[in-house]
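As a plain string of letters, each chain reads:
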Amino acid sequence: MTLDLQQRRSRRVVAAAPPRRRAHAAPPWWFTVPALLLFAFVVLVPSARGVYYAFTDWDGLDPQFAFIGLDNFTAMADDPDALGAIWHTLLIAVAITVIQNGIGLLLALGVNTTIKSRNFLRVLLFAPAVVTPIVTAYLWRNLLGPDGAVNSLLGVFGVEGKNWLGDPGLALWMIVLVVVWQFAGYSMVIFLAGLQSIPREIYEAAAIDGSGPVRRFWSIVRPLLAPAITINLMLSIIGGIKLFDQVYALTGGGPGHATDTISTLIYKDAFTLGEFGYSIALAVVLTAIVAVISAGQYTVLSRNEKAAS
Amino acid sequence: MTRYTTKTFALEMLMIAVAIVFAFPVYVLVNLAIRSPSDTSSPIALTQSPTLANFSQAWQEGGLGGALINSVIVTAVSVLIVLVVSSLAAYPLARSTAHWSRGTFLVIMLGLILPFQLAALPLYQTIRDLGLLGSVWSLVLFYAGLQVPFTTFLYVGFLRALPRDFEEAATIDGCGPLTAFRYVVLPMLKPITVTALVLNTVSVWNDFFTPLLYLSGSDQQTMPVAVAGFVGQFVSDWNLIFAALLISIVPVLAVYLSLQRSIINGFAGGLKG
């Protein structure tokens, strides 16, 4: 924009001569080419190839492999490890979504008040969300160990410790605990943004009209918070379904296969067993689950948002 | 409603108690990282004679310096590429109402749903055939493509809410599309660029699965891979491991604390769409 006034004027005259509406000319299509090329090379083409490999017995190395139809998928139906992993994945995703957003919402309501420490608390509670998940997971592996800090702390209160990560019934919930600890602040920040967009006047008017805090929350805050709820639910459920790092660092899928998720099983099958085809068939199932859940969630939540607005 | 009442005080105390529970793991992390391995007292007891020896040992034996440099390079280059190509792509995608534009946008948005595990394995083969396994440039390429959908989504949402007057004026004044983009549109995108920069930096820096696949067995590592390797190597020497964890957290926390205001606003604002 370094054109001087003289030049600009002359150009405008030239442009005005034929009465073309250049202003409506949209930016050219080729602006999208670099992004599309990168996206196609990294995501689109490999994903399509992945879907193809899911119907083969490819081992990841051998250029010779056979098309075996649905065999990988029928094998999955008879594979207790695979069925277990699908079940754990869904359980973890739902548990994280419910608990993380429940706590996140309570925290947001807490720091959206006039308490003096609100700014400090926002900074502190959000901090774990920026730290590398694999690092926080290793930290918790020690905290939850037999001689770890959690058992020490319980000992102070006279409660007997447990082998949190070694107990197949508990380990899955410990993974949920660690993810919630790390990302509750993330949910909080998004809810907080939603809460702060609610005009104070509406809230005060309702209070004057005599509605109590619960009623005000349900009738005013909840509908106006709909967009924040949508984003939070989407992020946490998709994050939960794709979970890998925390499981890898906390339990490695164990004890036995008690905490294996689809992601950890994909990794194990592909890189320790050389079953690339089977492993990618698992990834296809993962994709299908994500797609169905996102589509369902989108339908329900956008209806809610419309109802709220 | 704005007065500081007894109820507010009670809430304040409750929230501080919650914060202490949240911060407890960090206390243990620091407490054990400054403890010598011979000290076997309870992990929650305050360390009596603190030492910094664990930090220097972790730094020397963990290859953390090299990993730090690799992480910085990978994150900086791939995030820069993503911001440039995504903002450029978002401009026509947000402005044009043509069929190709809507179709292209939907195809890119498909990338928000596709789990990276699906693409990561076949891409592993391509990266291997290109001889890029074990090179940090494979990661740059991967993240540059992987982060396109989310970043484009942020830019398109933001652009649609912006008035077109300025860029139309620039076009009337004879600016080509690239000039209009560079000097008119890009400056207006600054708030969302900051958000996209932060969100992409956090996810690229923290990613573990991809470098685990593409760099394993090589001497090149990123910070998360180096930490995982370190834990594997010093299995039960938790004082040393905690020192390494703390070292790896410091750069992230330093950036976070210095930018926390815009990061928290950016996270919230960017996700509000």
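Just so it is clear, the model here is predicted, and its values are computed rather than measured. (Residues numbered from 1 in each chain as written. Chains lettered and ligands numbered in written order. Predicted model: local features only at pLDDT ≥ 70, side-chain atom pairs only at ≥ 80, totals over all residues. Heavy atoms only, no water.)

*Asks:* Hey, could you run me through the overall build of chain B in this one?
*Replies:* What chain B contains, in helices and strands, is 13 helices and zero strands. Going from the N terminus to the C terminus, chain B shows its helices and strands as α-α-α-α-α-α-α-α-α-α-α-α-α. By the compact-globule yardstick of 19 Å for 273 residues, chain B is too spread out, its C-alpha radius of gyration being 24 Å. Judged by the C-alpha coordinates and their principal axes, chain B covers about 75 × 65 × 30 Å. (Helix = DSSP H or I, 4+ residues; strand = E, 2+ residues; numbered from the N terminus. Rg over C-alpha atoms; globule rule 2.2 N^0.38 Å.)

*Asks:* Just checking my understanding: could you explain the overall build of chain A for this structure?
*Replies:* Counting secondary structure elements, chain A contains 14 helices and zero strands. The helix and strand sequence of chain A, counted from the amino end, reads α-α-α-α-α-α-α-α-α-α-α-α-α-α. Since a compact globule built from 309 residues should have a radius of gyration of about 19 Å, the 26 Å found for chain A marks it as more spread out than a globular shape. Here chain A holds 309 residues, and 50% of them are scored as buried. The long-range fraction of contacts in chain A, counting pairs at least 24 apart against all pairs at least 6 apart in sequence, stands at 68%. In the form shown here, chain A has an accessible surface area of approximately 14500 Å², with 66% of it arising from carbon and sulfur atoms. Distance between charge centroids for chain A: 26 Å, based on 21 positive and 19 negative side chains. (Buried < 20%, exposed > 50% of the residue type's maximum accessible area, 1.4 Å probe, protein only. Contact = heavy atoms within 4.5 Å. Areas by Shrake-Rupley, 256 points an atom, 1.4 Å probe, with all protein chains shown as cover. Lys, Arg positive; Asp, Glu negative; His and termini not counted. Charge placed at Lys NZ, Arg CZ, Asp CG, Glu CD.)

*Asks:* I keep staring at the domain arrangement of chain B and nothing clicks. Help me out?
*Replies:* Residue and element names in this part refer to chain B. Structurally, chain B comprises domain 1 (6-51) and domain 2 (67-268). Each of domain 1 and domain 2 has a C-alpha centre, and the two are 34 Å apart. The interface is formed by eight residues belonging to domain 1 together with seven residues belonging to domain 2. Here domain 1 and domain 2 share an interface that buries about 620 Å² over both sides, 75% of which is from carbon and sulfur atoms. When the buried area of domain 1 at its contact with domain 2 is split by residue, Leu-29, Leu-32 and Ala-33 rank highest and sum to 70% of it. For the pair domain 1 and domain 2, the number of links is zero salt bridges. For the pair domain 1 and domain 2, the interface holds one residue pair in polar contact (both at pLDDT 80 or more). (Domains from an automatic or database assignment. Buried area = accessible area lost by both parts, 1.4 Å probe. Salt bridge = Lys/Arg side-chain N within 4 Å of Asp/Glu carboxyl O. Polar contact = N/O pair within 3.5 Å; in protein donor to acceptor, adjacent residues only side chain to side chain.)

*Asks:* Whenever I open this one, helix α11 (residues 226-241) of chain A confuses me. Can you help?
*Replies:* One turn of the α-helix equals 3.6 residues, which is why residues spaced by three or four share an orientation. Helix length check: α11(A), at 16 residues, gives a terminal C-alpha distance of 22 Å against a target of 22 Å (1.5 Å per residue), a fit within 8%. Within the sequence span of α11(A), burial applies to Ala226(A), Ala228(A), Thr230(A), Ile231(A), Asn232(A), Met234(A), Ser236(A), Ile237(A), Ile238(A), Gly240(A) and Ile241(A). (Expected span 1.5 Å × (residues − 1).)

*Asks:* Is there a simple way to explain helix α6 (residues 136-146) of chain B in this structure?
*Replies:* All names here are of chain B. Across the 11 residues that make up α6, a large majority, eight, are buried. For α6, the set of buried residues is Val-136, Ser-138, Leu-139, Val-140, Phe-142, Tyr-143, Ala-144 and Gly-145. Residue Ser-135 occupies the N-cap position of α6, its side-chain oxygen lying 3.0 Å from the main-chain nitrogen of Trp-137.

*Asks:* I keep staring at a nonpolar patch on the surface and nothing clicks. Help me out?
*Replies:* Residues Trp29(A), Trp30(A), Val33(A), Leu37(A), Trp100(B) and Leu178(B) make up a contiguous nonpolar surface patch of roughly 620 Å² in combined accessible area. Assignment of secondary structure puts Trp100(B) in helix α4 (residues 99-113). (Patch = residues over 30% accessible without salt bridge, like charges linked within 9 Å, V, L, I, M, F, W, Y side chains within 5 Å.)

*Asks:* How should I be thinking about the interface of chain B and chain A in this particular structure?
*Replies:* Many analyses report the size of an interface as the accessible area lost when the parts associate. Between chain B and chain A, the residue contacts involve 97 residues of the former and 97 residues of the latter. On inspection of chain B and its partner chain A, the count reaches zero salt bridges. Taken together, chain B and chain A are joined by 11 residue pairs in polar contact (both at pLDDT 80 or more). Tallying contributions element by element places helix α13 (residues 238-272) of chain B first for the side of chain B that touches chain A, with 16 residues.

*Asks:* Looking at this model, I keep getting lost on the nonpolar core. Mind explaining?
*Replies:* General note: in soluble globular proteins, nonpolar side chains tend to be found buried as a group. If you look at the biggest cluster of nonpolar residues, it comprises 183 residues, and the most contacted ones within it are Phe126(A), Tyr214(B), Phe242(B) and Leu245(B). Residue contributions to this core peak at 19 residues, all from helix α8 (residues 168-196) of chain A. Counting contributing residues, this core receives three or more from each of domain 1 (6-51) and domain 2 (67-268) of chain B. Residue contacts for Leu245(B): discarding those within four places in its chain leaves Val135(A), Tyr138(A), Leu139(A), Leu29(B) and Val227(B). (Core = buried A, V, L, I, M, F, W, Y, C linked by side-chain atoms within 4.5 Å.)

*Asks:* Is there a simple way to explain the UniProt feature "domain: ABC transmembrane type-1" (unreviewed entry) in chain B in this structure?
*Replies:* Under the local residue numbering, the UniProt record ascribes the feature "domain: ABC transmembrane type-1" (unreviewed entry) to residues 68-259 of chain B. In this annotation, residues 68-259 of chain B is assigned 82% helix and 0% strand; the end-to-end C-alpha distance for the span is 20 Å. (UniProt positions renumbered as here; feature names shortened; annotations may be inferred.)

*Asks:* What is the right way to look at the packing of helix α9 (residues 200-208) of chain A against helix α10 (residues 213-224) of chain A in this model?
*Replies:* Helix-helix packing: each pair is described by the crossing angle between the helix axes and the interaxial distance. Residues and elements named next belong to chain A. Running from amino to carboxyl end, α9 crosses α10 at an angle of 165 degrees, the nearest separation of the two axes being 10 Å. With respect to each other, α9 and α10 are oriented roughly antiparallel. The hand of the α9/α10 crossing is right-handed. Note on element contacts: α10 touches α9 through Arg-216, Ile-220, Val-221 and Leu-224, opposite Ile-202, Tyr-203, Ala-206 and Ala-207. (Axes fitted to C-alpha atoms, helices over the stretch in contact; angles between N-to-C directions. Parallel < 35°, antiparallel > 145°, perpendicular 65-115°, else oblique. Left-handed = near helix turned anticlockwise from the far one by under 90°.)

*Asks:* Teacher, can you tell me more about the UniProt feature "transmembrane region" (unreviewed entry) in chain B here?
*Replies:* When the UniProt feature table is mapped onto this chain numbering, "transmembrane region" (unreviewed entry) sits at residues 12-34, 67-91, 103-124, 136-159, 180-205 and 240-259 of chain B. The distance separating the terminal C-alpha atoms of residues 240-259 of chain B is 30 Å; by composition the span is 100% helix and 0% strand.

*Asks:* What's the story with the confidence of the model for chain B in this structure? I'm lost.
*Replies:* Close inspection of predicted coordinates is inappropriate for parts of the model with low pLDDT. Residues and elements named next belong to chain B. With 97% of its residues at a pLDDT of 70 or more, chain B shows a mean pLDDT of 89. Per-element confidence in chain B ranges from a low mean pLDDT of 84 for helix α8 (residues 165-172) to a high of 95 for helix α3 (residues 64-95). Prediction confidence for the complex, expressed as pTM and ipTM, is 0.88 and 0.89 respectively. (pLDDT = per-residue confidence, 0-100.)

*Asks:* I would appreciate a short explanation of the environment of Asn112(A) in the present structure.
*Replies:* Residues and elements named next belong to chain A. Following the sequence through the fold, Asn-112 ends up in the loop between α4 (80-111) and α5 (118-126). Considered as a pair, Asn-112 and Ala-75 are 37 residues apart in the sequence and their alpha carbons are 52 Å apart. Other than its neighbours up to four places away in sequence, Asn-112 contacts Arg-122, Leu-192, Leu-195 and Gln-196.

*Asks:* Just checking my understanding: could you explain the side chain of Glu12(B) for this structure?
*Replies:* Within the fold, Glu12(B) resides in helix α1 (residues 6-33). Of the buried charged residues, Glu12(B) lacks a salt bridge, with Lys116(A) as the closest side chain of opposite charge at 5.6 Å. If near-sequence neighbours (up to four positions away) are discounted, Glu12(B) is found in contact with Ile115(A), Lys116(A), Ser117(A) and Tyr4(B).

*Asks:* Looking at this structure, how should I read unusual backbone geometry?
*Replies:* Leaving glycine aside, a negative phi is the common case for residues, and trans is the common case for peptide bonds. Geometrically, the link from Gly254(A) to Pro255(A) is a cis peptide bond, its omega value of -5 degrees lying close to zero. Take Pro255(A): it is sitting in the loop between α12 (245-250) and α13 (262-271).

*Asks:* Looking at this structure, how should I read a negative patch on the surface?
*Replies:* Side chains of Asp57(A), Asp59(A), Asp62(A) and Asp71(A) sit close together on the surface and give a patch of like negative charge. The partly exposed category is assigned to Asp62(A), whose relative accessible area is 34%.

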